[in-house]
There are 2 protein chains.
Amino acid sequence: MSPAKAASCDLLITNAAEVLTLSRGALPRCGEDQQDLGLVRNASVAIKGGKVLQVAPAAKLKGLKAKRRIDAEGMVVLPGFVDAHTHLVFAGHRAREVELKAAGRSYQDIARDGGGILSTVEATRAASKAELVGLARERLGRMLALGTTTAEVKSGYALTPDGEVKLLEVIRELQRKQPVMLVPTFLGAHAVPEGGDADAYINQLIEEALPRVAKGDLARFCDVFLEQGYFDATQARRLLKAAQRHGLRVKVHADEFSRCGGAELAVELGAASADHLLKASDRGLRELARTKTPAVLLPSTPWANLLKGYADARQMVGYGVPVALGSDLSPGAWNESMLLACQLAVYNMGLLPSEAIVAATINAACAIGMEQEVGSLEPGKRADLLIADVETWHELCYRLGSNPIALVLKDGKVVAEN
Amino acid sequence: MSPAKAASCDLLITNAAEVLTLSRGALPRCGEDQQDLGLVRNASVAIKGGKVLQVAPAAKLKGLKAKRRIDAEGMVVLPGFVDAHTHLVFAGHRAREVELKAAGRSYQDIARDGGGILSTVEATRAASKAELVGLARERLGRMLALGTTTAEVKSGYALTPDGEVKLLEVIRELQRKQPVMLVPTFLGAHAVPEGGDADAYINQLIEEALPRVAKGDLARFCDVFLEQGYFDATQARRLLKAAQRHGLRVKVHADEFSRCGGAELAVELGAASADHLLKASDRGLRELARTKTPAVLLPSTPWANLLKGYADARQMVGYGVPVALGSDLSPGAWNESMLLACQLAVYNMGLLPSEAIVAATINAACAIGMEQEVGSLEPGKRADLLIADVETWHELCYRLGSNPIALVLKDGKVVAEN
């Protein structure tokens, strides 16, 4: 829409020192494009009907009528962060495990003493829907203040068909109660239930859970933890193909602790993303690049678990894999900040700051199928945006420890003010 | 003082799930004591005249008369963080260097293109006192909200006698304008001025700067950057001994990039602390342990500079060196959060979470000569404390990315509320 036609808008964000549009259409960025922030200097952003109407040099939009104005002089405007991978819904916490992990105790030791994922499953099963909504809502409030306006959310801490459906219903309820846009993923196959059998559990998920998930439109994706001691490629394939028959798109927790052919399976099934990828094979990475399947990298997880290795982000970018980021918010890696995920991606994993910002916005949107709606500031997209109290985007991964986001807007409305 | 005698107080912080007293008298903690948080469960904190009157189980203090009460039920109370090492006062920023560093450009390359410390010196020299006060005050406001109630602050970005005195005057002015307690350090010998000679500059600092610093009571410590390309041990010793003759205590930027005998010099001169220590010799560390000289470790700095190595904190604790932490807030590592410093100390450097909290409170206080006043919650000490919205202290290094501090008190008064 030209400025002439757009004679008025609801909100004009004026005189930003920099606007990061991330604009280029709804395609994941890869290779050198992973650095392209779509920077416009001295710019304003016009918003109408909750959507971006136009981003242009401030002088061009000066005459535009606006019901309301926000002065962003000297500040930076960017799209709201998209968190491409969270396990938001759970009860309890495992804070005490940090001291044990730091003292060198193994995950197996900790699990034997009643810690680890099965302790979270126990606490989550015991919690009511209202309790789970309450706990997750507090986390979402903090995530929003830190700039996350869209988040993928997985089930996965009930490990029964009924329980997993309940967790997806909690996500639906959360969507009604707060502004962060949630994209639900069915991860019934997060682990084998205690005393259970992996094959039998996959059968149960296919026969008892998937039909209810599909019928209730409770999830957009089906994910699986493909890993030694969890589910193998045959089981994962069987579940994900069944999910596809029910109309769900698929994702894979791939090659996190061992090389299991996760990247290859993601490509084989046309997955929306392959996540983790610390141990992915060279062939797998080249396949992801060829098919432009986003890799969702989660640097908070090895960090919070004191692991030395990280996904080889530089090689992925070099191959042309579109790299996205997620917080992996979970009881095992409780990170609520996408900016911390970006900083870890830069300082521990080797992405450039510009690549990290692309990974946390448009590429994350692509990884969760939301690229038509969010992840960049382009006409027609949701006006989900952040006003950061910094002179230049370079400060986002530079000023550490404090939250630089002054204002968070969702659908053109201010939803958090720091 | 017994509860019977202390019949009333100004403020009673009631029913905290945990109070970390860090109490044990004013000595640095080392070895196994570095883990000792002085934990009291279900406790209240009585405050009178801006000082801690008593910490005791909530039931014991229930009957105490109080002018005001703060309900800390289910939360954690701990001493305000003490940041043992900052370069708070400077103009400009070097945010653009992150992209360059991440792309593999060397510090030398960046300096040649007009970046690095000398660009900060140029910007700082050009700034007025009022500008420098304004910039530093914004940073202090964020640090306070993140829980820092005491901070050491170094001069060092003017590199002339006049300029360095001006920076110390800025610190004094800052103390009048905001609540974080500042401990000023004269670091005229932060680098050799461009085109200058190290020996001649040391002479100048001794003859022209130190007398003014001492006469004006502008600094409590004198520090020096002992490092290849900066100042050697002979120059450092000469400056620090002159400072001692003027009544200042001394500190050393020791063994950061190369093994320069920094730890040994710190011990030789009875320094208040030896800082950085990435390359310290085994003999140097054993000497620090023998003399109980605190090591101030700064994990933000290698992190923000994409360096792989960290100080060997585990070995230091093993030898019995008291380990303290600082943010090293500076244009080269802009970290405003002591909690992030703690998390980096745990996840990148190998401290236990309990050891990190000790390092960020009582041991940091010892490293800056403030152990009689702050760093623990004991009768008679300043009531500088944090109320964290967490169930247990274990969450402090576990919940990442958001600020868990709900309330910050300085001298018994609420100075920040998140």
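Residues numbered from 1 in each chain as written. Chains lettered and ligands numbered in written order. Predicted model: local features only at pLDDT ≥ 70, side-chain atom pairs only at ≥ 80, totals over all residues. Heavy atoms only, no water.

> A description of the overall build of chain A should follow, citing residues and the corresponding values.
Broken down by element type, chain A carries 15 helices and 16 strands. With the principal axes as the frame, chain A shows a C-alpha extent of 70 × 45 × 40 Å. Residues classed as buried in chain A amount to 63% of the 418 residues present. For chain A, contacts bridging at least 24 residues in sequence account for 73% of all contacts bridging at least 6. For chain A, the exposed surface amounts to about 14400 Å²; the carbon and sulfur share of it is 48%. Seen as two clouds, the 49 positive and the 49 negative side-chain charges of chain A have centres 6 Å apart. (Helix = DSSP H or I, 4+ residues; strand = E, 2+ residues; numbered from the N terminus. Buried < 20%, exposed > 50% of the residue type's maximum accessible area, 1.4 Å probe, protein only. Contact = heavy atoms within 4.5 Å. Areas by Shrake-Rupley, 256 points an atom, 1.4 Å probe, with all protein chains shown as cover. Lys, Arg positive; Asp, Glu negative; His and termini not counted. Charge placed at Lys NZ, Arg CZ, Asp CG, Glu CD.)

> Can you break down the interface of chain A and chain B residue by residue, with the values?
It is common to give the size of an interface as the accessible area that goes away when the parts come together. Of the residues lining the interface, 38 residues belong to chain A; the matching set on chain B comes to 38 residues. Linking chain A to chain B there are 0 salt bridges. Among the elements of the structure, α2 (96-102), α11 (300-304), α13 (338-347) and α14 (353-359) of chain A are those that each provide at least two residues to the side of chain A that touches chain B. Of the residues forming the side of chain A that touches chain B, the biggest block, 5 residues, is contributed by α13 of chain A. Residues belonging to the side of chain A that touches chain B are distributed by class as follows: 20 nonpolar, 10 polar and 8 charged. (Salt bridge = Lys/Arg side-chain N within 4 Å of Asp/Glu carboxyl O. Nonpolar A, V, L, I, M, F, W, Y, C, P; charged D, E, K, R; others polar.)

> Explain the packing of aromatic side chains to me, and be specific about the residues and the numbers.
Within this structure, the stated rule accounts for 12 aromatic pairs over all chains. Grouped by ring-pair contacts, the aromatic residues F90, Y157 and W334 of chain A together with Y398 of chain B constitute a single cluster. Cation over ring: K251 of chain B sits above F221 of chain B, and NZ or CZ is 5.1 Å from the ring centre. We note R286 of chain B situated over the ring of Y319 of chain B; from NZ or CZ to the ring centre the distance is 4.2 Å. (Phe/Tyr/Trp six-rings, centres within 6.5 Å; stacked < 30°, edge-to-face > 60°. Lys NZ or Arg CZ within 6 Å of the ring centre and 35° of its normal.)

> How would you summarise the pattern of salt bridges if you had to cite specific residues and measurements?
Inspection of every chain in the model, using the stated rule, returns 47 salt bridges over all chains. With its nearest N and O atoms 2.7 Å apart, the salt bridge here joins R237 of chain B to E268 of chain B. Placement of R237 of chain B in helix α8 (residues 233-245) and of E268 of chain B in helix α9 (residues 262-268) is noted, with a sequence separation of 31 residues between them. In this structure, a network of salt bridges that share partners links the residues E373, R382, D384, K410 and D411 of chain A.

> Break down the sheet that holds strand β11 (residues 273-276) of chain B for me, with residues and values.
All names here are of chain B. Across the sheet, 8 strands lie side by side as β6-β7-β8-β9-β10-β11-β12-β13; this open sheet has parallel pairing. If you trace the sheet from one side to the other, it starts and ends with β6 (81-83) and β13 (323-325), each paired once. Taking each pair of neighbouring strands and ignoring which way they run, the sheet shows an average axis angle of 25 degrees. Taken together, the 2 bridges between β11 and strand β12 (residues 295-297) define a ladder with parallel strand orientation. Considered in β12, the bridge of A274 is made with A295. Contacting β6, β7 (148-154) and β8 (181-189), helix α5 (residues 129-145) runs over the sheet at an angle of about 140 degrees to β7. (Pairing = 2+ DSSP bridges. Axes fitted to C-alpha atoms, helices over the stretch in contact; angles between N-to-C directions.)

> Lay out the sheet that holds strand β7 (residues 148-154) of chain A in plain terms, naming residues and giving numbers.
All names here are of chain A. Spatially, 8 strands are ordered β6-β7-β8-β9-β10-β11-β12-β13 in an open sheet, and the strand pairing comes out parallel. Here the strands that pair on one side only, and so sit at the sheet edges, are β6 (81-83) and β13 (323-325). Across this sheet, the average inter-strand angle for adjacent strands is 25 degrees, counted without regard to direction. By the bridge criterion, 5 bridges tie β7 to strand β8 (residues 181-189) in an arrangement that is parallel. The residue of β8 that forms the bridge with K154 is T185. Sheet strands in contact with helix α5 (residues 129-145) are β6, β7 and β8, and its direction is about 140 degrees off that of β7.

> Go over the nonpolar core, please, and point to the residues and values.
In terms of nonpolar packing, the biggest core is built from 240 residues, with V89, L277 and L297 of chain A together with V89, L277 and L297 of chain B touching the most fellow members. What L277 of chain A contacts, discounting residues up to four positions off in sequence, is A254, D255, A263, L288, A295, L297, A311 and M316 of chain A. (Core = buried A, V, L, I, M, F, W, Y, C linked by side-chain atoms within 4.5 Å.)

> Pulling in residues and values, what's your account of helix α13 (residues 338-347) of chain B?
All names here are of chain B. Within α13, 10 of the 10 residues are buried, leaving the element largely enclosed by the surrounding structure. For α13, every residue scored as buried is listed here: M338, L339, L340, A341, C342, Q343, L344, A345, V346 and Y347. A distance of 3.2 Å separates the backbone nitrogen of L339 from a side-chain oxygen at the start of α13, and that oxygen is part of S337. (Polar contact = N/O pair within 3.5 Å; in protein donor to acceptor, adjacent residues only side chain to side chain.)

> I'd like to hear about the relation of the copies chain A and chain B, residue by residue, with values.
Under the fitted operation, chain A is carried onto chain B by 0.0 Å of movement along the axis and a turn of 180 degrees, and the coordinates agree to an RMSD of 0.0 Å. The transformation just described matches what one would write down for a two-fold rotation axis. By C-alpha distance to the rotation axis, the residue of chain A lying nearest is G401 of chain A, at 3.9 Å. Both copies share a contact surface, since 100% of the interface residues of chain A are interface residues in chain B too. (Least-squares fit on C-alpha atoms with pLDDT ≥ 70 in both.)

> Describe the pairing of β7 of chain B, and please don't skip the residues or the numbers.
Residues and elements named next belong to chain B. In terms of burial, β7 is a largely internal element, 7 of the 7 residues being buried. Taken together, the 3 bridges between β6 and β7 define a ladder with parallel strand orientation. Its bridge partner lying in β7, F81 is registered against T148.

> Which residues make up empty space enclosed by the protein, and what values go with them?
Residue and element names in this part refer to chain B. In the structure shown here, the tally under the stated rule is 2 cavities of 30 Å³ or more. By volume, the largest cavity amounts to about 40 Å³. Residues of the lining of the largest cavity, tallied by class, amount to 7 nonpolar, 1 polar and 1 charged. Taken together, P79, G80, V374, G375, S376, L377, R382 and D384 make up the full set of residues lining the second largest cavity. A class-by-class count of the residues in the lining of the second largest cavity yields 3 nonpolar, 3 polar and 2 charged. (1 Å grid on protein atoms, 1.4 Å probe; cavity = no way out; pocket = protein on both sides within 12 Å on 5 of 7 lines; lining within 4 Å. Points joined across faces, edges and corners; volume = space filled by probe spheres on them.)

Everything listed is a geometric property; what it means functionally is a separate question.
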